[in-house]
Amino acid sequence: MELFLKIGNQNMFFVFVENQKILKVFVIPSYITINKDGKITSFGPYSFLQYIILKQLYKIYDYPLSISNRKDNKHFDFIVIRLIDNNIIQNYKDFWQILNSVFSNDLERFYNLTLMEDYEKYSIPYFIELDDFYNFLRQTKLVRWISFIPNNSPYFINQMKFLKDVFRYWKMEFYVLPFWEFFYIFYPKMVNIYIAEVNSFVWVINRYGFVKNKRIGISLRKIKEMLYLRYEMELKYIELERLALSLLSGNKFEGEISEYIDNEIIFSISELAKGLPVAVVEDLYDNLNSEGLNYFNSVNLRNNDNFDRFLKIFESILIKEKI
């Protein structure tokens, strides 16, 4: 059994794999709650729910690293903290405590399932099959961290060393896997678009091992922030999610924001296409169809809504480049 681990800005993904087949995916929000004594009291869906409610209560449009239940932060009862920012662990001590709880089969201590109706209302991921989760973990001998951090970044080096030491403690083999390799293992197509909560990329990869990727300057969180400011902080979290996903799917009801999204995507694909070898461009022409393109919202969620939209962008850019 292998565990492919994605440490995301909004959620952590535990992808269990055997014989190159995904058996099960468990998703846990990357949020913790700390009380006034500095103790972690919850982790995952309950903490994320607290974060959302506090954001709405105080009309906070962005996503701060922490929110207190007292706006002045002087006489708080608890603070909700985002463990991850731009895929980088923000506090190794807190992260170690959570992983220790997870891999010691003691997740129940922090994992609150008393508000499942609210989790469903706010589309917060949760799972109740804790015994199944533990069973998969017990069978795991190898962990592959799906990395979205550039290899030359000091954050990458520090985080890799930390995770390697952590999983060595549980006597597991540890490897780093660039995000495009993960997708190519399970969804092997040449053209790929990934637009998620914070990170967004477009990349091409062929059967000979050529890979080139380009970061896209738009993300789901950026769109939600733009919508929040447009409506003067009147939209609720659920509405923001719905509108942001609708805009990503090509809906034009918000003219300026839709145009901004299109421009960012077109620019990124254009920049990617400029440096491609001629042979790769020729392969792209042969693969520009619904069978040759992936569009992802996360590491376990493929989306078919934007196939035609992205294919038209690629076709128009490649024609212009060719001329």
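Sequence order as written defines the numbering, with residues in each chain counted from 1. A pLDDT threshold of at least 70 governs which residues receive local features in this predicted model, and a stricter bar of 80 or more applies before side-chain atom pairs are shown or counted, although totals over entire chains, interfaces and linings include all residues. Calculated side-chain values reflect all of the structure's heavy atoms, with hydrogen atoms and water omitted.

(A) Broad picture of the overall build of the chain. Helix and strand labels come from DSSP, where a helix needs a run of H or I of at least four residues and a strand needs a run of E of at least two; each type is numbered from the N terminus. Scanning the chain from N- to C-terminus turns up 11 helices and 16 strands. Radius of gyration: C-alpha atoms only; globule rule: 2.2 Å multiplied by the number of residues to the exponent 0.38. Whereas a compact globule of 323 residues would reach a radius of gyration of roughly 20 Å, the chain reaches 21 Å, a difference of no more than 12%. For the chain, the spread of C-alpha atoms along the principal axes amounts to about 65 × 50 × 35 Å. Here's how the labels work: a residue is buried when its accessible area is under 20% of the maximum for its type, exposed when over 50%, partly exposed in between, all with a 1.4 Å probe on protein chains only. When burial is assessed residue by residue, the chain has 52% of its 323 residues classed as buried. Throughout, a residue-residue contact means that at least one pair of heavy atoms, one from each residue, lies within 4.5 Å. In the chain, the share of contacts with a sequence separation of at least 24, taken over all contacts with a separation of at least 6, comes to 60%.

(B) Spotlight on the environment of Leu-113. If you trace the backbone, Leu-113 turns up in the loop between helix H2 (92-103) and helix H3 (116-121). Measuring from C-alpha to C-alpha, the distance between Leu-113 and Phe-127 comes to 8.5 Å, with 14 residues separating the pair along the chain.

(C) View of the sheet that holds strand E7 (residues 78-82). In this scheme, strands are said to pair when DSSP sees at least two bridges between them. On the basis of which strands lie adjacent, the open sheet formed by four strands has the order E5-E4-E7-E6 and antiparallel pairing. The sheet is open, and its two edges are formed by strand E5 (40-43) and strand E6 (66-68), each paired on a single side. Strand-to-strand twist in this sheet, taken as the mean axis angle between neighbours without regard to direction, amounts to 20°. Here five bridges tie strand E4 (residues 31-35) to E7, and the two strands are oriented antiparallel to one another. From the neighbouring strand, Tyr-31 faces E7, where its bridge partner is Arg-82. Packed on one face of the sheet, helix H1 (residues 45-58) meets E4, E5, E6 and E7 and runs near 105° to E7. Think of each axis as a best-fit line through the C-alpha atoms, taken over the contacting stretch in the case of a helix, with angles from 0 to 180 degrees between the N-to-C directions.

(D) Fine view of the nonpolar core. Nonpolar cores are built from buried Ala, Val, Leu, Ile, Met, Phe, Trp, Tyr and Cys residues. Side-chain atoms within 4.5 Å join them into one set. Phe-14, Phe-95, Leu-107 and Phe-133 are the most contacted members of the largest nonpolar core, which totals 42 residues. Discounting residues that sit within four places of it in the chain, Phe-95 has contacts with Ile-7, Met-12, Leu-83, Ile-84, Ile-89, Phe-162 and Leu-163.

(E) Spatial organisation of the packing of helix H7 (residues 220-230) against helix H9 (residues 255-274). Running from amino to carboxyl end, H7 crosses H9 at an angle of 160°, the nearest separation of the two axes being 11 Å. Judged by the inter-axis angle, H7 sits roughly antiparallel to H9. The crossing of H7 and H9 is right-handed. Of the residues in H9, those in contact with Lys-222, Ile-223, Met-226, Leu-227 and Arg-230 of H7 are Glu-256, Ile-257, Tyr-260 and Ile-261. Under this grouping Gly is polar, as are all residues other than the nonpolar Ala, Val, Leu, Ile, Met, Phe, Trp, Tyr, Cys and Pro and the charged Asp, Glu, Lys and Arg. Broken down by class, the residue content of the contact of H7 with H9 amounts to six nonpolar, no polar and three charged. The scheme is simple: roughly parallel for angles under 35 degrees, roughly antiparallel for over 145, roughly perpendicular for 65 to 115, oblique for anything else. Crossing chirality is assigned from the near helix's rotation relative to the far helix, an anticlockwise turn below a right angle marking it left-handed and a clockwise turn marking it right-handed.

(F) Inspection of the layout of surface pockets at higher detail. Definitions used for this entry: grid spacing 1 Å over protein atoms alone; cavity, a set of points where a 1.4 Å probe fits but cannot get out; pocket, an open set with protein on both sides within 12 Å along at least 5 of 7 lines; lining residue, one with an atom within 4 Å of a point. Grid points are joined across faces, edges and corners, and a volume is the space filled by probe spheres set on the points. Its boundaries defined by the atoms lining it, the largest pocket holds a volume of some 660 Å³. Together, 31 residues line the largest pocket, and Gln-10, Asn-11, Glu-197, Leu-220 and Glu-241 are the ones closest to its centre. If you list the elements that add at least two residues to the lining of the largest pocket, you get strand E2 (11-18), strand E12 (191-195), helix H8 (237-248) and strand E15 (293-298). Sort the elements by how many residues they give to the lining of the largest pocket and H8 lands first, with six residues. Within the lining of the largest pocket, the residues separate by chemical class into 17 nonpolar, 10 polar and four charged. Of the volumes computed, that of the second largest pocket is approximately 200 Å³.

(G) Focus on the sheet that holds strand E1 (residues 2-7). If you walk across this open sheet you meet the five strands as E3-E2-E1-E10-E11, and the pairing is mixed. Among the strands making up the open sheet, the edge pair consists of strand E3 (21-29) and strand E11 (173-178). When strand polarity is set aside, the average angle formed by the axes of neighbouring strands in this sheet is 20°. In the sheet, E2 pairs with E3 via eight bridges, with the strands oriented antiparallel.

(H) Unusual backbone geometry, seen in detail. Positive phi is not limited to glycine here, since Asn-87 has a value of about 65°. You can see Asn-87 is positioned in the loop between strand E8 (84-85) and strand E9 (88-89). Despite not being glycine, Lys-171 shows a phi value in the positive range, around 60°. Mapping Lys-171 onto the fold places it in the loop between helix H5 (154-169) and E11.

(I) Seen up close, H1. With 14 residues, H1 ought to run about 20 Å at 1.5 Å a step, and its terminal C-alpha atoms sit 20 Å apart, in line with that. With 11 of 14 residues buried, H1 is to be regarded as a mostly interior element. Those residues of H1 that sit buried are Pro-45, Ser-47, Phe-48, Leu-49, Gln-50, Tyr-51, Ile-52, Leu-54, Lys-55, Gln-56 and Tyr-58. Given the number of residues in a helix, its expected span is that number minus one, multiplied by 1.5 Å.

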